[in-house]
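# Summary of structural features
Next come the chains, spelled out residue by residue.
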Protein chains: 2
Amino acid sequence: MKKYNHTTYAILGILTTECRTGYSIKRLIDQSLNHFWKISYGQIYPTLKRMVEEGLATVKTLTEGGKPDRHEYSLTSKGEAALKEWLEQPIEQIPHERNEVLLKLFFGRHQTKENTLLQLETYKQKLTETYETYQAIEKMIKSNHQHHEDVTYWLLTLDYGKRVATAAMEWCDTTRDYFKKEEE
Amino acid sequence: MKKYNHTTYAILGILTTECRTGYSIKRLIDQSLNHFWKISYGQIYPTLKRMVEEGLATVKTLTEGGKPDRHEYSLTSKGEAALKEWLEQPIEQIPHERNEVLLKLFFGRHQTKENTLLQLETYKQKLTETYETYQAIEKMIKSNHQHHEDVTYWLLTLDYGKRVATAAMEWCDTTRDYFKKEEE
DNA sequence: GGAATCATGTAAGTAGTTACATGATTGA
DNA sequence: TCAATCATGTAACTACTTACATGATTCC
């Protein structure tokens with residue numbers, strides 16, 4: 001079967017929920033997948049168009065006076081099959097993260113200790129905020145039972161985010177202590 | 001001061017080591033930064049060219065019969081200043097990882113349990129390999145004392161990679177157990 | 001009255017990958 | 001003799017972001 005890009009698969013998956021428009025797809029991503037998958041309108045709208053051309057989805061245009069036309073997308077059986085096929089495919093590569101903090105630390109010899117410590121503080125601060133966002137999302141998902149069939153899976157992805165963030169925060173602490181000890 | 005892209009800063013940093021050519025920059029990245037920063041020749045060569053145009057580096061061309069000309073790059077004081085300035089800048093955003101395994105799990109309702117378990121197994125397998133690679137890099141860095149001034153920093157970035165990989169592996173185990181229990 | 005939400009999309013630009021092209025030397 | 005290493009680079013392509021443009025409704 002033909003291969004599509006990641007954005008297409010992400011949208012195929014989202015169209016299995018009750019999200020039907022580009023706008024609501026964006027909202028779902030921002031609210032629930034944002035910790036491991038971001039996407040912009042500049043990708044969503046052209047991708048939706050292409051998906052219809054490819055026969056993965058159909059579109060119904062609802063015209064209302066004044067407002068822009070509302071485009072409601074639905075999966076075709078071809079779309080469903082493509083999603084299933086992708087889900088069954090084991091991943092080829094683990095994601096390679098690009099980490100700016102580590103890049104700066106890598107060249108740490110050219111910085112002052114104070115600056116390195118500041119970088120670590122900032123990073124930990126951001127990680128803490130991220131962690132709190134995860135907890136907020138978790139709360140929201142749990143209280144909003146509309147999609148109860150998906151909830152378990154969604155929470156598992158959040159658990160991943162929390163664990164990784166925790167490990168990163170612990171690294172920040174250990175590394176900070178290391179530099180503090182060196183200062184003495 | 002003018003802002004440059006991440007690739008430029010990465011290369012500025014590497015030019016503080018004894019790497020002087022596009023080829024050896026690529027090698028250093030593959031051997032030591034690969035766990036959080038990848039880069040291809042298609043980026044390195046055009047970036048080096050631009051860096052010379054911008055006055056961040058100078059180039060000396062060494063012609064030898066037969067072989068392609070060897071281009072040796074050196075930082076200018078402007079280049080050093082740009083690197084220092086970037087190092088002092090605290091990061092604005094933590095890296096947003098795109099994780100295909102999580103994306104598939106997010107739509108796990110449309111998969112069989114067996115398939116989800118298989119995905120987790122594959123992911124854990126890859127993480128294990130990654131972890132082992134980190135240990136191999138660590139060994140290599142420790143035994144190769146040429147760059148001893150940088151070694152501490154390089155090892156810290158590896159520690160990060162190991163911790164995060166460990167957390168991810170633990171998540172794999174917990175999640176697997178969760179699905180195994182459900183099966184009963 | 002003004003911000004937020006709903007709703008669409010495009011154009012220009014940046015970033016990055018992959019495949020291709022070339023060819024000498026060194027070591028097993 | 002064959003693979004690996006050294007060494008350069010470009011062209012085509014894919015992916016993604018940001019800024020822009022439009023405008024009604026709803027809530028504070």
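Being a predicted model, the structure only gives us computed values, none of them experimental.

### Quick look at the overall build of chain A
Along chain A, the regular secondary structure elements total seven helices and two strands. Its helices and strands taken in sequence order, chain A reads α-α-α-β-β-α-α-α-α from the N to the C terminus. Over its C-alpha trace chain A gives a radius of gyration of 21 Å, far above what one expects of a compact globule, namely 16 Å for 184 residues. Along the first, second and third principal axes, the C-alpha atoms of chain A reach 70 × 35 × 35 Å.

### Topic: the interface of chain A and chain B
Listed per partner, the contact involves 56 residues of chain A and 56 residues of chain B. When grouped by side-chain class, the residues that make up the side of chain A that touches chain B number 27 nonpolar, 15 polar and 14 charged.

### Things to note about the packing of helix α6 (residues 113-143) of chain B against helix α7 (residues 148-183) of chain B
Residue and element names in this part refer to chain B. Put simply, α6 and α7 touch, their axes get as near as 9 Å, and they point 160° apart. The angle between the axes of α6 and α7 places the two elements in the roughly antiparallel class. As α6 packs across α7, the resulting crossing turns out to be left-handed. Looking at the contact of α6 with α7 residue by residue, the classes come out as 17 nonpolar, five polar and six charged.

### Notes on the domain arrangement of chain A
All names here are of chain A. The assigned domain composition of chain A is domain 1 (6-88) and domain 2 (100-183). Computed over C-alpha atoms only, the centres of domain 1 and domain 2 are separated by 30 Å. Tallying the contact residues gives five residues for domain 1 and nine residues for domain 2. Within the side of domain 1 that touches domain 2, the residues separate by chemical class into one nonpolar, four polar and no charged.

### Considerations on the environment of Ser74(A)
All names here are of chain A. Relative to the helices and strands, Ser74 is located in strand β2 (residues 70-75). Among the residues examined, Ser74 registers 11 C-beta atoms within 10 Å and is labelled exposed. Separated by 108 residues in the primary sequence, Ser74 and Glu182 place their C-alpha atoms 60 Å from one another. Non-local contacts of Ser74, meaning those with residues more than four positions away in its chain, are made with Leu15, Ala57 and Thr58.

### Points about the relation of the copies chain A and chain B
Turning chain A through 180° and shifting it by 0.0 Å along the axis lays it on chain B, with an RMSD of 0.0 Å. The superposition operator between the copies reduces to a two-fold rotation axis.

### Topic: the nonpolar core
Generally speaking, nonpolar side chains in soluble globular proteins are found buried as a group. Ile11(A), Val164(A), Ala168(A), Ile11(B), Val164(B) and Ala168(B) are the most contacted members of the largest nonpolar core, which has 80 residues in total. When sequence neighbours within four positions are dropped, the list of residues in contact with Ile11(A) reads Ile25(A), Thr47(A), Leu48(A) and Met51(A).

### Points about the packing of helix α1 (residues 6-14) of chain A against helix α3 (residues 41-53) of chain A
Residues and elements named next belong to chain A. Remark: α1 packs on α3, axes separated minimally by 10 Å, with the N-to-C direction vectors making an angle of 80°. The orientation of α1 relative to α3 falls into the category roughly perpendicular. Counting all contacts with α1, which are made through Thr7, Thr8 and Ile11, the residues of α3 involved are Gln43, Thr47, Leu48 and Met51. Residues of the contact of α1 with α3, tallied by class, amount to three nonpolar, four polar and no charged.

### Thoughts on the environment of Thr47(A)
Residue and element names in this part refer to chain A. Structurally, the position occupied by Thr47 is in helix α3. Along the sequence, Thr47 and Gly108 sit 61 residues apart, while their C-alpha atoms lie 42 Å from each other. If we ignore the near neighbours within four places in the chain, the residues touching Thr47 are Thr7, Thr8 and Ile11.

### Focus on helix α2 (residues 22-33) of chain B
Look at α2(B): 15 Å from first C-alpha to last across 12 residues, which is about the 16 Å you get at 1.5 Å a residue. All of the buried residues in α2(B) are Gly22(B), Ile25(B), Ser32(B) and Leu33(B). Down the axis of α2(B), the buried set is contained in an arc of 120°. They therefore lie on one face. The outward face of α2(B), more than 90 degrees from its buried face, is lined by the exposed residues Arg27(B), Asp30(B) and Gln31(B). On its buried face, α2(B) sits against α5 (100-106) of chain A together with α1 (6-14), α3 (41-53), β2 (70-75), α6 and α7 of chain B.

### Describing the environment of Leu127(A)
Its place among the elements puts Leu127(A) in helix α6 (residues 113-143). Every residue in contact with Leu127(A), bar those within four places of it in the chain, is listed here: Ala165(A), Ala168(A), Met169(A) and Ile94(B).

### Regarding α6(B)
Three- or four-residue spacings in an α-helix give side chains the same orientation, since the helix completes a turn every 3.6 residues. All names here are of chain B. In this model, α6 (31 residues) spans 45 Å end to end at C-alpha, consistent with the 45 Å of a helix rising 1.5 Å per residue. All buried positions along α6 are accounted for by Thr116, Gln119, Leu120, Tyr123, Leu127 and Ile137. Looking at the packing, one finds that the buried side of α6 touches α2, α5 (100-106) and α7.

Cut-off values and rules
Residues numbered from 1 in each chain as written. Chains lettered and ligands numbered in written order. Predicted model: local features only at pLDDT ≥ 70, side-chain atom pairs only at ≥ 80, totals over all residues. Helix = DSSP H or I, 4+ residues; strand = E, 2+ residues; numbered from the N terminus. Rg over C-alpha atoms; globule rule 2.2 N^0.38 Å. Contact = placed C-beta atoms within 7 Å. Nonpolar A, V, L, I, M, F, W, Y, C, P; charged D, E, K, R; others polar. Axes fitted to C-alpha atoms, helices over the stretch in contact; angles between N-to-C directions. Parallel < 35°, antiparallel > 145°, perpendicular 65-115°, else oblique. Left-handed = near helix turned anticlockwise from the far one by under 90°. Domains from an automatic or database assignment. Buried ≥ 20, exposed ≤ 12 C-beta atoms within 10 Å, placed from the backbone. Least-squares fit on C-alpha atoms with pLDDT ≥ 70 in both. Core = buried A, V, L, I, M, F, W, Y, C linked by C-beta atoms within 7 Å. Expected span 1.5 Å × (residues − 1). Arc of directions from axis to C-beta.

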